[in-house]
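Results of the structural survey
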Amino acid sequence: MADYSEDYRDYERWNPYGDPSPFDVSTELVDGCSVCDKDGLIRCAGCRVVHYCRRVHQYAHRKQHKSVCLKIKKAQEACDKEEAELRAGPNGPPGWGNPLEDRWPRLFWGIHPMRQYLSARFAVVELQMKINTRAAVQAALDNIIDMLRLRRGDDMWLRDIAPGLFLRLDRDQACYDFVKWWTWRFDQRPKDIEGMGGSYTDIKNADMFEAPDLFINTALPLLTPLLAVTLLKIRRLIDLQAIQRVKLEAGPYVPQEIQDLITAHAVSPVVAANRNIFQRQDHVPKIEELKRQIRRLYDRVLEANKYVWPAMVRPGNHLTATPRYAGTGTIQEMQTNLPYIYNAWSETPGAIGVIEELQKCTVKS
Ligand SMILES: [Zn+2]
Ligand SMILES: [Zn+2]
C-alpha cells in the first residue's frame with residue numbers, strides 16, 4: 001500500500017481555496033439579518049449562511065459580503081465535485097461499499113480521493129468560520145462533525161476547531177462531552193481513535209463542575225481543549241456570582257422579574273435553563289470551587305504556552321498570523337490555536353476580564 005504519511009505536512013495542498021483574510025472579532029453572534037439583526041427570512045443563495053430581513057438590506061450588504069460569499073460558493077462547488085467523484089468510485093476493495101456511507105477502517109486517509117474530498121471540505125469550513133452568523137458557525141460545526149465521522153484519525157486536527165464552535169452556539173454540554181472524550185482517548189487509548197471499532201464520543205452529560213484533573217494531567221497538553229474547559233468554567237462562575245450578588249441584596253426571596261432578568265442575560269446556557277438556581281441557599285462554596293478550578297487551568301495553560309494569556313487579553317495581529325509550523329510552547333502554536341477559540345471568549349461578556357484579574361494576581365505573587 002502506498003504511504004501517504006509525507007502528505008501530512010503538505011498543508012497548503014489541503015487548503016487551496018482558503019485565504020488569510022482578516023479575522024473578524026465578534027462580541028455577539030448574528031442571529032437574524034446581517035444588517036439590522038431583525039428576522040432574517042431571506043437567505044443568501046451564494047454562501048447560504050447569511051440572512052437578511054429584506055432585499056434592500058441584502059443589496060446594502062453586497063459590497064462588503066461579496067468577496068467571502070463568492071469564495072464559499074466556489075469552495076462548496078469544488079467540494080461537491082470531489083464528493084461526486086468519490087461516490088462514483090471505485091475506491092476500495094470489492095464489497096466494501098460506499099466510502100461516504102459505510103464505516104471503513106483507518107486506511108481512509110490512504111485513499112486519495114477521500115483525502116482530496118476532506119481537504120476541499122476543510123476549505124469550506126475555514127471560510128465559513130470567517131462569518132460571524134449563527135448559521136455559519138452551525139454549518140462549520142456540522143461539516144466538522146461529519147468529517148470526523150468519515151475520518152476519525154483526524155489528520156487535520158478538526159477536534160481543535162470544534163470546541164470553539166460548540167461554545168459559540170451555547171452548546172456547552174456538548175462541548176464538554178466532546179472535549180472530554182477526545183482528551184481521554186488521546187491520552188489513554190490513542191489506538192481507539194484510529195480504529196473504527198469501539199465507542200465514539202460516547203461521553204454524555206459529563207459533570208461540567210467536576211475537577212479538571214483530566215485536562216491538567218494529560219501528558220501532552222493541548223491548548224484548545226484547555227481553553228474551552230476554562231471558558232466553560234468561567235461562564236458558570238460569572239453567572240453564579242451574578243445570582244449570588246442579587247441574593248445578597250434582595251434577601252432569600254428574589255422577585256420573579258429579577259430572576260427572569262438574570263436568567264435572560266446569563267452567559268452560560270446551563271444557568272439560564274436552570275430555574276431552581278435561585279432556590280438553592282448559598283452558591284458561595286460552588287463559586288469558591290470554580291475559582292480554584294479556573295486558577296489551576298489558568299496555571300496549566302501558562303505552563304504549556306506562556307504566549308496564550310497575554311494574546312487572549314490583547315490579541316493584536318496574532319489572530320491573523322496564520323503560521324505554518326507550530327512546535328509545543330511556541331508563539332506559533334498560540335497563533336494557530338487562538339483563532340479557533342477566540343470568538344467564543346469575546347462573545348462571553350466578562351470572560352476575558354476574569355483572565356485579566358488572574359494576570360494581576362500572578363504578577364503580585
Ligand atoms: Zn435587515
Ligand atoms: Zn453570501
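This structure is a prediction, so every number in the text was calculated from the model and none was measured.

1. Quick word on the coordination of the zinc ion (ligand 2)
Protein-derived coordination of the zinc ion (ligand 2) comes from Cys44 (SG), Cys47 (SG), His65 (NE2) and Cys69 (SG), at a distance range of 2.0 to 2.4 Å. For the zinc ion (ligand 2), the 4 donor atoms in the first shell make angles of 97 to 122° at the metal, so the coordination geometry reads as tetrahedral.

2. Overview of the nonpolar core
Counting residues in hydrophobic clusters, the biggest one holds 89 residues, and the most contacted among them are Trp309 and Trp345. Considering every element that reaches this core, the biggest residue donor is helix α9 (residues 223-250), with 11 residues. Here this core spans two domains, since at least three of its residues come from each of domain 1 (14-156) and domain 2 (171-365). In this structure tryptophan 345 touches Leu227, Thr230, Leu231, Ile234, Trp309, Met312, Ala351, Ile352 and Ile355, once residues within four positions along its chain are discounted.

3. Here we look at the coordination of the zinc ion (ligand 1)
Within the protein, Cys33 (SG), Cys36 (SG), Cys53 (SG) and His57 (ND1) serve as the donor atoms for the zinc ion (ligand 1), at 2.1 to 2.3 Å. For the zinc ion (ligand 1), the 4 donor atoms in the first shell make angles of 99 to 118° at the metal, a pattern classed as tetrahedral. Mapped onto the sequence, the residues coordinating the zinc ion (ligand 1) show the spacing C-x2-C-x16-C-x3-H. Highlighted residues: cysteine 36 in the loop between α1 (11-14) and β1 (42-43) and histidine 57 in helix α2 (residues 55-88), separated in sequence by 21 residues.

4. Description of the UniProt feature "domain: MYND-type" (unreviewed entry) in the protein chain
As recorded in UniProt, the feature "domain: MYND-type" (unreviewed entry) lies at residues 33-69. This span, residues 33-69, is 41% helix and 11% strand, and a straight line between its end C-alpha atoms measures 15 Å.

5. Description of the packing of aromatic side chains
Within a pair of aromatic rings, the relevant descriptors are the distance that separates the centres and the angle that separates the planes. Enumeration according to the criterion identifies 7 aromatic pairs in this entry. When the centroid spacing of 5.6 Å and the interplanar angle of 55° are considered together, the rings of phenylalanine 166 and phenylalanine 178 count as tilted. One end of the pair, phenylalanine 166, is in helix α5 (residues 162-168); the other, phenylalanine 178, is in helix α6 (residues 172-188), with 12 residues separating them in the sequence. Look at phenylalanine 166 and you get buried, because its relative accessible area is 5%. The ring of tryptophan 157 has arginine 159 sitting right over it, with the charged end atom 3.9 Å from the ring centre. The side chain of lysine 286 reaches across the aromatic face of phenylalanine 209, ending 4.2 Å from its centre.

6. Some points on the side chain of serine 346
Secondary-structure assignment places serine 346 in helix α14 (residues 331-346). According to the relative accessible area criterion, serine 346 is buried, its value standing at 14%. Reaching out from serine 346, the side chain makes a polar contact with the backbone oxygen of serine 26 at a distance of 2.6 Å.

7. Examining the side chain of glutamate 82
Looking at the element boundaries, glutamate 82 is found in helix α2. Despite being buried, glutamate 82 has no salt bridge partner; lysine 81 is the closest side chain of opposite charge, sitting 5.6 Å away.

8. Considerations on the packing of helix α3 (residues 112-128) against helix α4 (residues 134-150)
Orientation of α3 relative to α4, taken along the N-to-C sense of each, is 160°, at an axis distance of 9 Å. The orientation of α3 relative to α4 falls into the category roughly antiparallel. Handedness of the crossing formed by α3 with α4: left-handed. Here Met114, Tyr117, Leu118, Arg121, Phe122, Val124, Val125 and Gln128 of α3 lie close against α4, whose contacting residues are Ala136, Ala139, Ala140, Asp142, Asn143, Ile144, Asp146, Met147 and Leu150. Split by residue class, the contact of α3 with α4 holds 12 nonpolar, 2 polar and 3 charged.

What counts, and at which threshold
- Residues numbered from 1 in each chain as written.
- Chains lettered and ligands numbered in written order.
- Predicted model: local features only at pLDDT ≥ 70, side-chain atom pairs only at ≥ 80, totals over all residues.
- Heavy atoms only, no water.
- Donors = N, O, S within 2.8 Å, 3.2 Å for Na, K, Ca; no water.
- Tetrahedral: all angles 85-135°; square planar, octahedral: opposite > 155°, others 65-115°.
- Core = buried A, V, L, I, M, F, W, Y, C linked by side-chain atoms within 4.5 Å.
- Buried < 20%, exposed > 50% of the residue type's maximum accessible area, 1.4 Å probe, protein only.
- Helix = DSSP H or I, 4+ residues; strand = E, 2+ residues; numbered from the N terminus.
- Domains from an automatic or database assignment.
- Contact = heavy atoms within 4.5 Å.
- UniProt positions renumbered as here; feature names shortened; annotations may be inferred.
- Phe/Tyr/Trp six-rings, centres within 6.5 Å; stacked < 30°, edge-to-face > 60°.
- Lys NZ or Arg CZ within 6 Å of the ring centre and 35° of its normal.
- Polar contact = N/O pair within 3.5 Å; in protein donor to acceptor, adjacent residues only side chain to side chain.
- Lys, Arg positive; Asp, Glu negative; His and termini not counted.
- Salt bridge = Lys/Arg side-chain N within 4 Å of Asp/Glu carboxyl O.
- Axes fitted to C-alpha atoms, helices over the stretch in contact; angles between N-to-C directions.
- Parallel < 35°, antiparallel > 145°, perpendicular 65-115°, else oblique.
- Left-handed = near helix turned anticlockwise from the far one by under 90°.
- Nonpolar A, V, L, I, M, F, W, Y, C, P; charged D, E, K, R; others polar.

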